[in-house]
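Each chain, written out:
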Amino acid sequence: MTLFLQGMRRTVSLMTELFSFDSKLREQSAILCGIDEAGRGPLAGPVYAAAVILPPDFFVDGLNDSKKLSSKKRDRLFDIICENAVSYSITSASVEEIDELNILNASMLAMRRAYDSLCAAPDLTIIDGNSIRYFTDVCASPVIGGDRKSACIAAASILAKTARDRYMTQLSKEFPQYRFESHKGYPTPLHRNLIIEHGPCPHHRKTFAVKPVKATSELPRSAQTGQRGEQLACDYLRQLGYEIFGRNYHTQYGEIDIIAGMSGYVAFVEVKSRKSGKFASAAEAVDFHKRQRVLRSSQIWLEECPTTLQPRFDVIEVYTDKTGKHSLNHIISAFDLIETGDF
C-alpha cells in the first residue's frame, strides 16, 4: 500500500508540474501551443507531429509523456484532448521526405505543418527538443524534455503517437507479412528479421540501416563472440546497479551496443570482444568515424527518449582466454579520454 501511495503521489506531482509550467508561460503569452513528434526511430512509416492549444482551465488525470503511457490510456486521452482543445492539428512527413531530408529535418517539417494547420494563432509555441529551425519566423521556444514538463507538449505527444500507431496498424492489413501492428515499424528483432526475409516494402525508410537478428548458432564465429561479449557486458552493468535502457539500438548512422543508466548518467556503451593476447587499445578499436556514428545515433535516442540524465560514452572490453574464461575492462567516458589523449 505504501508503494502504491508513493506512486500516486509521484503521478499527481508530475501532473501538477505539467499544468503549472504552462500556467506560468500563459502569464505572458495567453494562447500557448505545444508541439511534439512521434516516429523518429522506426525503420518504416512516416514521422507524425501534433500541435495542441489547450484551454487555460483544462485538466485531466493521467496526462504524461506518451511513451510513459499504455496504448489504452493514450486512446482515452486522445479523445479527451481532441474534444477539449481550443485547436489541434495532426500532420506527418512521408517516408520519401525522410529519405530526402533526413529524419531530423523531416520531423521539423511535420511539426511546422502541424503549426500551420491550426485554426487559432498562438502567442507562444513551445516545441519538444532543442531546435526551432523551422519556426524562426514565429514566437517559438524549444523545451528539452518538454513532454515531461508541459501539459500542451504532453498532449501533442499523445496525439502524434496515437495517430501514428493507428496508421501503422492499418498499414499492417495491407502488408501483413511485416507485423506492423506489433512493433509499429520500430527496429525490433522481429521486424529486422522480417525485412531480411521479405525484403523492404515501399513504406520502409531506405536510408535507415537494417541489420538482421539471427539465432546465435546461425551466426559466424566472430558474431557469436560479439553477442556473448555484449551479454557479459549487460550482466556486468546490471550487477553494478545500472538499468539497461536498450541493446543494439539502430539508426541510419549505425548501432549502439548498450544504453544504460545510473547515478545521473545515461551511458552509451560500445562493447569490444577479443581473445586474450590480441590486444588493441580502445582508441584503436573505436576510431574517429565510429565515435561520430555513435554520437549521432545517441542524439537520435536522446531526442526519441528525452532524459535529464547526463550523457556519457563508455567502452567495455571483453577478453576471453584459451580456457574460455572472461575478463572485462570498463572504460568510463572513454570518448573524452581518447579525444584528450589521456587514454
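Residues numbered from 1 in each chain as written. Predicted model: local features only at pLDDT ≥ 70, side-chain atom pairs only at ≥ 80, totals over all residues. Heavy atoms only, no water.

Q: Please set out unusual backbone geometry residue by residue, giving values where relevant.
A: Across the chain, the bulk of peptide bonds are trans and the bulk of non-glycine residues have phi less than zero. You will see that Lys184, though not glycine, has its phi angle at about 60 degrees, which is positive. Tracing the chain through its elements places Lys184 in the loop between α6 (180-183) and α7 (189-198). Not every positive phi belongs to a glycine, and Ser263 is a case in point at roughly 55 degrees. Relative to the assigned elements, Ser263 resides in the loop between β7 (254-262) and β8 (265-275). (Helix = DSSP H or I, 4+ residues; strand = E, 2+ residues; numbered from the N terminus.)

Q: An account of the confidence of the model for the protein is requested, with residue identities and associated values reported.
A: In this model, the protein carries a mean pLDDT of 84, and residues with pLDDT of at least 70 account for 85%. Between residues 1-12, whose pLDDT stays under 50, and residues either more than four places distant or in other chains, the model counts zero contacts. (pLDDT = per-residue confidence, 0-100. Contact = heavy atoms within 4.5 Å.)

Q: Break down the sheet that holds strand β5 (residues 140-143) for me, with residues and values.
A: Read from one edge to the other, the open sheet built from five strands follows the order β3-β2-β1-β4-β5, with strand pairing classed as mixed. Among the strands making up the open sheet, the edge pair consists of β3 (87-93) and β5. With direction set aside, neighbouring strand axes in the sheet form an average angle of 20 degrees. Pairing of strand β2 (residues 47-53) with β3 involves seven bridges; the strand directions are antiparallel. What sits directly across from Ala51, in β3, is Ser89. Contacts from helix α5 (residues 151-174) reach β1 (32-38), β2, β3, β4 (124-128) and β5, with the element oriented near 35 degrees to β1. (Pairing = 2+ DSSP bridges. Axes fitted to C-alpha atoms, helices over the stretch in contact; angles between N-to-C directions.)

Q: How would you sum up the environment of Ile103? Please name residues and give values.
A: Turning to its location among the elements, Ile103 is positioned in helix α4 (residues 103-116). Aside from chain neighbours lying at most four places away, what touches Ile103 is Gly39, Arg40, Val47, Ile98, Arg205, Phe208, Gln252 and Ile300.

Q: Requested: an account of the side chain of His330, with residues and values cited.
A: Note that His330 resides in strand β10 (residues 326-331). Engagement of the side chain of His330 in a polar contact is seen with the side chain of Tyr236, the distance being 3.2 Å. At a separation of 2.9 Å, a polar atom in the side chain of His330 contacts the side chain of Asp314. Ignoring any residue separated from it by four or fewer positions in sequence, one finds His330 in contact with Tyr236, Leu237, Tyr242, Asp314, Val315 and Ile316. (Polar contact = N/O pair within 3.5 Å; in protein donor to acceptor, adjacent residues only side chain to side chain.)

Q: I'd like a description of helix α2 (residues 71-84), backed by residues and values.
A: Its 14 residues place the ends of α2 20 Å apart at the C-alpha level, agreeing with the 20 Å of an ideal helix rising 1.5 Å per residue. What α2 keeps buried is the set Arg74, Leu77, Phe78, Ile81 and Cys82. Mapping the buried residues of α2 onto a view down its axis gives an arc of 130 degrees, with all of them on the same face. Of the exposed residues in α2, those oriented more than 90 degrees away from the buried face are Lys72 and Glu83. Summarising the contacts, the buried residues of α2 are in contact with β2, β3 and α5. (Expected span 1.5 Å × (residues − 1). Buried < 20%, exposed > 50% of the residue type's maximum accessible area, 1.4 Å probe, protein only. Arc of directions from axis to C-beta.)

Q: Before we move on, can you summarise the pattern of salt bridges with the specific residues and values?
A: Applying the stated rule across the entire model yields 14 salt bridges. Among the salt bridges present, the one from Asp147 reaches Lys67, with a minimum N-O distance of 3.2 Å. Here Lys67 lies in the loop between β2 and α2 and Asp147 lies in the loop between β5 and α5, a separation of 80 residues in the sequence. The exposure class assigned to Asp147 is buried, which follows from its relative accessible area of 1%. Note that Glu270 is salt-bridged to Lys290, the shortest N-O span being 3.6 Å. A residue pair is termed long-range when its members are at least 10 positions apart, and Glu270 in strand β8 and Lys290 in helix α10 (residues 288-304) qualify at 20 residues. Each member of the pair, Glu270 as well as Lys290, carries the same accessibility label: buried. Three or more residues are tied together by salt bridges with common partners; here these are Asp65, Lys67 and Asp147. (Salt bridge = Lys/Arg side-chain N within 4 Å of Asp/Glu carboxyl O.)

Q: Tell me about the environment of Thr125, and name the residues and values.
A: Structurally, Thr125 is set in strand β4. Using a relative accessible area of 1% as the deciding quantity, one classes Thr125 as buried. Spatially, the C-alpha atoms of Thr125 and Val138 are 8.0 Å apart, while their sequence positions differ by 13 residues. The contact partners of Thr125, leaving out residues within four places of it in the chain, are Cys33, Ile35, Tyr115, Cys139, Ala140 and Ser141.

Q: I'd like to hear about the packing of α2 against α5, residue by residue, with values.
A: The interhelical angle for the contact between α2 and α5, taken along N-to-C directions, is 120 degrees, at an axis separation of 9 Å. It follows that α2 is oblique to α5 by the angle criterion. Where α2 crosses over α5, the two elements pack in a sense that is left-handed. Every residue of α5 that contacts α2 at Arg74, Asp75, Leu77, Phe78, Ile81 and Cys82 is listed here: Ala155, Ile158, Leu159, Lys161, Thr162, Ala163, Asp165 and Arg166. (Parallel < 35°, antiparallel > 145°, perpendicular 65-115°, else oblique. Left-handed = near helix turned anticlockwise from the far one by under 90°.)

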